[in-house]
Amino acid sequence: EHYKSALYRNVVFLLVTPCLSRSMASKTPVGFIGLGNMGSPMAKNLLKNGYPIIATDLFPESCKELQDIGAQVVDSPGEVAERADRIITMLPSTPNVLEVYTGPNGILKKVKKGTLLIDSSTIDPAVSKEMAVAAEKMGAVFMDAPVTGGVGAASLAKLSFMVGGVEEEYQAAQELLTCMGANVVYCGQVGTGQAAKICNNMLLAIGMIGTAETMNLGIRLGLDPKLLTKILNMSSGRCWSSDTYNPVPGVMEGVPSANNYQGGFGTTLMAKDLGLAQNTATNTKTPIPLGSLAHQIFRVMCSRGYANKDFSSVFQFLREEEGQ
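Residues numbered from 1 in each chain as written. Predicted model: local features only at pLDDT ≥ 70, side-chain atom pairs only at ≥ 80, totals over all residues. Heavy atoms only, no water.

1. Concerning the environment of G193
How we decide: Secondary structure elements follow DSSP: runs of H or I of four or more residues count as helices, runs of E of two or more count as strands, with numbering from the N terminus. Burial here depends on accessible area, computed with a 1.4 Å probe over protein chains only, as a share of the maximum for the residue type. Under 20% is buried, over 50% is exposed, and the range in between is partly exposed. It only takes one pair of heavy atoms within 4.5 Å for two residues to be counted as in contact.
Relative to the elements of secondary structure, G193 occurs in helix α11 (residues 192-220). Among the residues examined, G193 registers a relative accessible area of 0% and is labelled buried. For the pair G193 and A134, spaced 59 residues apart in sequence, the C-alpha separation works out to 18 Å. Residues in contact with G193, not counting those within four places in the same chain, are D144, P146, M162, V163, G164 and C187.

The structure is reproduced here in structure tokens:
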């Protein structure tokens, strides 16, 4: 029965026109669990594309804005699973994913056979594999689809999704993910999406620390930060942290450094992702000297009052370290 359901979804998607497919699909509600800084704009974009949303969040107040624009709100992940056969989860960490999927009121207590489960949280790849096995036992399909791009990209539907799971189900997942993102990439079996995300965020953390150090040194040497940024961005040192998400206040508009490091991607979450990188590196005996150092720097920042600030606040942290 599960096989037939999965096959049916794919046949419908492949054979009918995209417009008709979207129209048919929109009659079927999509479940969305986790309406935080990322989940809320992602769910809004599904609504904008004509998908009825059945949502829930641990904090009821997080649901109100979505409810006001037409989403149906229920009390638990299990209730979402009773009413939707396609469910997206966007949760902060591994314990949250375990609770939402396997807890007493979790998805897998009520999931229908043939349900497609897409987890966009960033967690340990091994846990994604565990969830896939647990879902399969219930006749459902689990795919990991973590994202990059941050809150701004989530609002603009310009996220990048890295998808891991059964390849035959990729088209069905892609149909939903393209409503929320500009790039959707199939990475391989379950867990490979998480692996790609962890690798990306480790490099992002290292790059941001390097950009912050460089900008701080240049400023102390008497260079104007905007001039230095211009030079870096036309030179070999250019990177995303310098040209798109500069950590120095006053250099760019529309980034967290221009707003006292509010919004964006929190230091706590970056420390968590670097912890995942450290764990996977240990398990695979992979040397990550800079990744490990980045992990320690962001962990120290969390204990020094930066936990809820954007991770680019490492620039501010380094400036404060000068006086110690």
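There is more to say, and it comes next.
2. What to know about helix α16 (residues 314-321)
Heads up, the condition is: Read the arc as the range of directions from the helix axis to the C-beta atoms.
When α16 is considered as a whole, its buried residues turn out to be V314, F315, F317 and L318. Looking straight down α16, one finds its buried side chains confined to an arc of 160 degrees; they lie on one side. Along its buried surface, α16 packs onto α11 and α15 (289-306).

3. Observations regarding the UniProt feature "domain: 6-phosphogluconate dehydrogenase NADP-binding" (unreviewed entry) in the chain
The cut-off we apply is this: UniProt positions are given in the numbering used here, feature names are shortened, and annotations may be inferred rather than shown by experiment.
Per the UniProt record, the feature "domain: 6-phosphogluconate dehydrogenase NADP-binding" (unreviewed entry) sits at residues 30-188. In residues 30-188, the share of helix is 39% and the share of strand is 24%. The end C-alpha atoms are 24 Å apart.

4. Some thoughts on the packing of helix α14 (residues 267-283) against α15
Which entries qualify depends on this criterion: What counts as an axis is a line fitted to C-alpha atoms, over the stretch in contact for a helix, and the angles between N-to-C directions run from 0 to 180 degrees. Put simply, angles under 35 degrees are roughly parallel, angles over 145 are roughly antiparallel, angles from 65 to 115 are roughly perpendicular, and the rest are oblique. By convention, the crossing between two helices is left-handed when the near helix turns anticlockwise from the far helix through less than a right angle, and right-handed when the turn is clockwise. Residues are grouped as follows: Ala, Val, Leu, Ile, Met, Phe, Trp, Tyr, Cys and Pro are nonpolar; Asp, Glu, Lys and Arg are charged; all remaining types, including Gly, are polar.
One can describe the packing of α14 onto α15 by two numbers: an axis separation of 9 Å at closest approach and a directional angle of 150 degrees. In terms of axis orientation, α14 runs roughly antiparallel to α15. Handedness of the α14/α15 crossing: left-handed. Of the residues in α15, those in contact with T267, T268, M270, A271, L274, G275 and Q278 of α14 are G291, S292, A294, H295, F298, R299, M301, C302 and Y306. Taken together, the residues of the contact of α14 with α15 sort by class into eight nonpolar, seven polar and one charged.

5. Considerations on the UniProt feature "active site" (unreviewed entry) in the chain
Short version of the rule: What qualifies as a polar contact is a pair of N or O atoms within 3.5 Å, subject to a donor-acceptor requirement within protein and to the restriction that residues adjacent in sequence count only when both atoms come from side chains.
The positions UniProt marks with the feature "active site" (unreviewed entry) are K197. Checked against the element boundaries, K197 lands in helix α11. With sequence-adjacent residues up to four places away left out, K197 is seen in contact with T122, P146, V147, T148, M162 and D273. From its side chain, K197 meets the backbone oxygen of V147 in a polar contact 2.9 Å long.

6. Observations concerning the domain arrangement of the chain
Put simply, the rule reads: Domain borders in the structure are assigned automatically or taken from a domain database. Note on definitions: buried area is the accessible-area loss of two parts on being combined, 1.4 Å probe, summed for both. A carboxyl oxygen of Asp or Glu within 4 Å of a side-chain nitrogen of Lys or Arg is what we treat as a salt bridge.
Domain annotation of the chain identifies domain 1 (30-189) and domain 2 (196-319). For domain 1 versus domain 2, the separation of C-alpha centres amounts to 28 Å. Here domain 1 packs against domain 2, burying approximately 870 Å² in sum over the two surfaces, 67% of which is carbon and sulfur. The largest per-residue losses of area from domain 1 upon contact with domain 2 belong to T122, D124 and M162, which jointly make up 42% of the total buried on that side. Summed over the shared surface of domain 1 and domain 2, the number is zero salt bridges. Class assignment for the residues of the side of domain 1 that touches domain 2 results in eight nonpolar, three polar and one charged.

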